[in-house]
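If you want the building blocks of each chain, they are given just below.
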Amino acid sequence: AKDRGPSTVAAYDSRLHAEALDRLELRADLQRAIFQNELVLHYQPTVELETGRITGFEALVRWQHPVRGLLSPASFVPMAEETGLVVQLNTWVLFQACRFAAVLQNDWRRPTMSVNISAQQLVRTDFVEQVNRALSESGLSADRLTLEITESVVLQDLEDVVPRLSQLRDRGIRVAIDDFGTGYSSLAYLTELPIDVLKVDKSFIDRVASDAQGASVTEAIISMSHTMNLSTVAEGVEVAEQAAWLRQVRCPIGQGYYWSRPVDENGVHDLLTRPTNE
Ligand code: C2E
Ligand code: CA
Ligand code: CA
Ligand code: CA
């Protein structure tokens, strides 16, 4: 082998090598995980700000890795995107979330289920059929399902995506724009999109209690969303001041650690059986 000397370069090289191996291993692992039930869903409630009542849940994937423990999506979803595995992964999520949501329909609130959809899923010609199948296999009614899509995904491929989303909405499925404000979509575009819900990114909610200018920008987004007849969800609400502020500007729905972290299925049943205390 080539002598590179005892410098930090060798150490650096071997660290890169270890990282590469690590990623390769994780990639092979993920493929297996999808088939061996190592993926789990946690669910975070959305709450009506006026009453504290739960309106629905968002399905958030985790990987119960046999060696590495419970992994957050940040540590494997990007890799799944790069390798195309995200299509299989998200298909599993969609079917699993619909199945659980169908069980929850016994509750009087009939909570909705939101599922994160990736670009690679949306551009597939069989996407609409997949969603239809998830609904028919689970027995979930279409109006209880919300698909969350980021702005960039929609704008990337308007001609294909818009008719597809319209088709799903015709069935009663709702479409949400996720992380709104972090992308580059112009407001003009937004009016052209077949959507129902705007989820205002956490970065805007972070500023409302402390920063007057930030608060006025967030208020403008909420009022615009209202004008466009969209429902508005404030993401990442962590403290009472933020919830109070959102109530004051008539934002209808919130989501965040203030009410609940994402929880497992048992946690969902607990949340639905405990009395609302807000
Ligand atoms: P997201 O769709 O924007 O989901 C919200 C993330 O914010 C979740 O992180 C949630 O746990 C976190 N969060 C909620 N409330 C609060 C809060 O009050 N404070 C703070 N600091 N964080 C809060 P999580 O579960 O780690 O998911 C991260 C991202 O991974 C998601 O962002 C989504 O983009 C992606 N993801 C999650 N599940 C899936 C999936 O099934 N498929 C795909 N393609 N992506 C997923
Ligand atoms: Ca989301
Ligand atoms: Ca989000
Ligand atoms: Ca986010």
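Residues numbered from 1 in each chain as written. Chains lettered and ligands numbered in written order. Predicted model: local features only at pLDDT ≥ 70, side-chain atom pairs only at ≥ 80, totals over all residues. Heavy atoms only, no water.

Caption draft 1: Region of the structure containing the site of ligand 1. Around ligand 1 lies a shell of 20 residues, among which Gln44, Arg62, Asn90, Glu238 and Tyr257 are the nearest. A distance of 2.8 Å separates an oxygen atom of ligand 1 from a polar atom in the side chain of Arg62. Between ligand 1 and Asp178, the relevant distance is 3.1 Å, taken from an oxygen atom to a side-chain nitrogen or oxygen of the residue. Look at ligand 1: alone it shows 800 Å² of surface, and the protein chains cover 78% of it. Elements supplying a minimum of two residues to the shell around ligand 1: strand 2 (54–65), helix 3 (86–104) and strand 6 (174–180). By residue number, the principal contributor to the shell around ligand 1 is strand 2, which donates four residues. Here the shell around ligand 1 is built from residues that sort into eight nonpolar, five polar and seven charged. (Near = heavy atom within 4 Å. Polar contact = N/O pair within 3.5 Å; in protein donor to acceptor, adjacent residues only side chain to side chain. Areas by Shrake-Rupley, 256 points an atom, 1.4 Å probe, with all protein chains shown as cover. Helix = DSSP H or I, 4+ residues; strand = E, 2+ residues; numbered from the N terminus. Nonpolar A, V, L, I, M, F, W, Y, C, P; charged D, E, K, R; others polar.)

Caption draft 2: Inspection of the layout of surface pockets at higher detail. There is about 870 Å³ of room inside the largest pocket. Lining the largest pocket are 33 residues, and of these Glu58, Leu60, Pro73, Asn116 and Asp178 lie nearest its centre. Looking at the lining of the largest pocket, the elements that each hand over two or more residues are strand 2, helix 2 (77–83), helix 3, strand 5 (145–150) and strand 6. Per-element accounting of the lining of the largest pocket gives the leading share, five residues, to strand 2. Broken down by class, the residue content of the lining of the largest pocket amounts to 15 nonpolar, nine polar and nine charged. Taken as a whole, the second largest pocket spans an internal volume of roughly 250 Å³. What lines the second largest pocket is a set of 19 residues, and nearest its centre among them are Thr46, Thr55, Thr112, Arg174 and Ile253. Residue classes in the lining of the second largest pocket are distributed as five nonpolar, six polar and eight charged. (1 Å grid on protein atoms, 1.4 Å probe; cavity = no way out; pocket = protein on both sides within 12 Å on 5 of 7 lines; lining within 4 Å. Points joined across faces, edges and corners; volume = space filled by probe spheres on them.)

Caption draft 3: Structural view of the packing of helix 5 (residues 127–138) against helix 7 (residues 158–170). Two elements in contact, helix 5 and helix 7, have axes whose closest approach is 10 Å; the angle formed by their N-to-C orientations is 20 degrees. Considered as vectors, helix 5 and helix 7 are oriented roughly parallel to each other. For helix 5 against helix 7, the interelement crossing comes out right-handed. Taking contact as the criterion, the partners of Phe127, Val128 and Val131 in helix 5 are, on helix 7, Arg164, Gln167 and Leu168. A breakdown of the residues in the contact of helix 5 with helix 7 according to their chemical character gives four nonpolar, one polar and one charged. (Axes fitted to C-alpha atoms, helices over the stretch in contact; angles between N-to-C directions. Parallel < 35°, antiparallel > 145°, perpendicular 65-115°, else oblique. Left-handed = near helix turned anticlockwise from the far one by under 90°. Contact = heavy atoms within 4.5 Å.)

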